[in-house]
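Remarks on the overall topology
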Amino acid sequence: MTMTKLQLITKGLIKDNPTFVLLLGMCPTLATTTSAINGLSMGLATLFVLVLSNMAISAIASLVPDKVHIPVYIVVIATFVTVLQFLMQAFTPSVYASLGLFIPLIVVNCIVLGRAEAFANKHGVIDSALDGLGVGLGFTLSLTVIGLVREILGSGSAFGFKFISGDGMLAFVMAPGAFLVLGYLMVLFNKYLAKK
Amino acid sequence: MEILLIIVSAIFVNNIVLSQFLGICPFLGVSNKLSTATGMSAAVCFVITLATLVTYLLNKYCLVPLDLQFLQTIAFILVIAALVQMVEIVLKKVSPSLYQALGIFLPLITTNCAVLGVAINVVTKEFTFGQPSHMLGLGEAVLYAFATAVGYGVAMILFSGLREHLAMNDVPKAFKGVPIALVTVGILAMAFMGFSGIA
């Protein structure tokens, strides 16, 4: 099955959504979505690594011996993650501080290695970049939505703009809220897919 | 006293799955049956402790003297991948029965973010444990890693017990599978929030 360039970009949004359909990259999804802004930045950080590692891997795929391909891919991904760490420390130190450990942990995000294995090593550089872009956008979208819901319920604000006075339901900003919101959003997603 | 604080805090108060969100993929993936959950917990416990020991020494005696801390991410993931492979080979030779029990889980552990997460945490973060905040020494780091891994096992085994019961219940179609599991973990996490403040 060949996909058009546009399909490559849009399939990650709903049909192959990495969070709600493929259930990949759960740790950053749960941990960094305490607010919409945090979710959005984590999504964009992953998008950055995903596009670059997909391009690099598709370019070198034919040179890498099959036996050692996984370690090689991991080193490529880890290199881009280190680049990202430097860039974020220099330009957005406050975001870097609030995402913390989960920036280096992009290395073990199964979405990135998954796309390298399933797509980038069989396709051209441009297609791989678009695939990374599409999956990254889908991931960013779901993280932003989860973050937004948790922020509205948990602190009564959206993207940092407060619309109620006082605190919200604090549990939604803390650990249990992450699991509950993701669970219920997944139910809504399943309902929507079943209707179609 | 400090030892006790490390253990209680790592297992219950800052449980690695329920409050730090590390290692969720295998947590959801292999918790369907109690027996596989136990096997996975044992394998993770072994690898986390060993990986933290090795990466701590690597960081202290190789990366820090050479001023190469920015290579932490790359170096650690390579060490972990190599370590998992080695454990697999050694186990196959030394204890085939244990290898049979843990075998299928070992390769999965490389991409378990709990391992890399703990290894990075102990060398970059400062901890208190009832004292002024300080970087962990080798003994503390390994103990912390081990206790964290035990916390992973506790959460995993509790959850798989719950899930075995869930499987027998009739849940609405849209909730089937992962959504109901996530809601259950949410409630479990709420219960674990009750531990906050004791250490």
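Here we summarise the structure given alongside this text. (Residues numbered from 1 in each chain as written. Chains lettered and ligands numbered in written order. Predicted model: local features only at pLDDT ≥ 70, side-chain atom pairs only at ≥ 80, totals over all residues. Heavy atoms only, no water.)

What follows concerns the packing of helix H8 (residues 175–195) of chain A against helix H9 (residues 178–193) of chain B. Between H8 of chain A and H9 of chain B, the least distance of the axes is 7 Å, while the angle of their chain directions is 165 degrees. The angle between the axes of H8 of chain A and H9 of chain B places the two elements in the roughly antiparallel class. Remark: the crossing between H8 of chain A and H9 of chain B carries left-handed chirality. Residues Pro176, Phe179, Leu180, Leu182, Gly183, Tyr184, Met186, Val187 and Asn190 of chain A of H8 of chain A touch H9 of chain B, and the partners they reach there are Val178, Pro179, Leu182, Val183, Val185, Gly186, Ala189, Met190 and Met193 of chain B. Of the residues in the contact of H8 of chain A with H9 of chain B, the class split is 15 nonpolar, three polar and no charged. (Axes fitted to C-alpha atoms, helices over the stretch in contact; angles between N-to-C directions. Helix = DSSP H or I, 4+ residues; strand = E, 2+ residues; numbered from the N terminus. Parallel < 35°, antiparallel > 145°, perpendicular 65-115°, else oblique. Left-handed = near helix turned anticlockwise from the far one by under 90°. Contact = heavy atoms within 4.5 Å. Nonpolar A, V, L, I, M, F, W, Y, C, P; charged D, E, K, R; others polar.)

Below, the discussion takes up the nonpolar core. Ile103 and Ile106 of chain A together with Ile24, Phe27, Leu28 and Leu116 of chain B are the most contacted members of the largest nonpolar core, which totals 110 residues. Looking at this core element by element, the count peaks at 10 residues for helix H3 (residues 34–63) of chain B. The residues touching Leu116 of chain B, leaving out its near neighbours within four places in the chain, are Pro104, Leu105, Val107 and Val108 of chain A together with Phe76, Ile77 and Ile80 of chain B. (Core = buried A, V, L, I, M, F, W, Y, C linked by side-chain atoms within 4.5 Å. Buried < 20%, exposed > 50% of the residue type's maximum accessible area, 1.4 Å probe, protein only.)

This paragraph deals with the pattern of salt bridges. Pairing of side chains with opposite charge becomes possible as their charged atoms draw close. All names here are of chain A. Per the counting criterion, the structure on display carries one salt bridge over all chains. Asp131 is the partner of Arg115 in a salt bridge, and the nearest nitrogen-oxygen pair spans 2.9 Å. Of this pair, Arg115 sits in helix H6 (residues 110–118) while Asp131 sits in helix H7 (residues 125–155), and the two are 16 residues apart along the sequence. Look at Arg115 and you get buried, because its relative accessible area is 17%. What makes Asp131 buried here is its relative accessible area of 0%. (Salt bridge = Lys/Arg side-chain N within 4 Å of Asp/Glu carboxyl O.)

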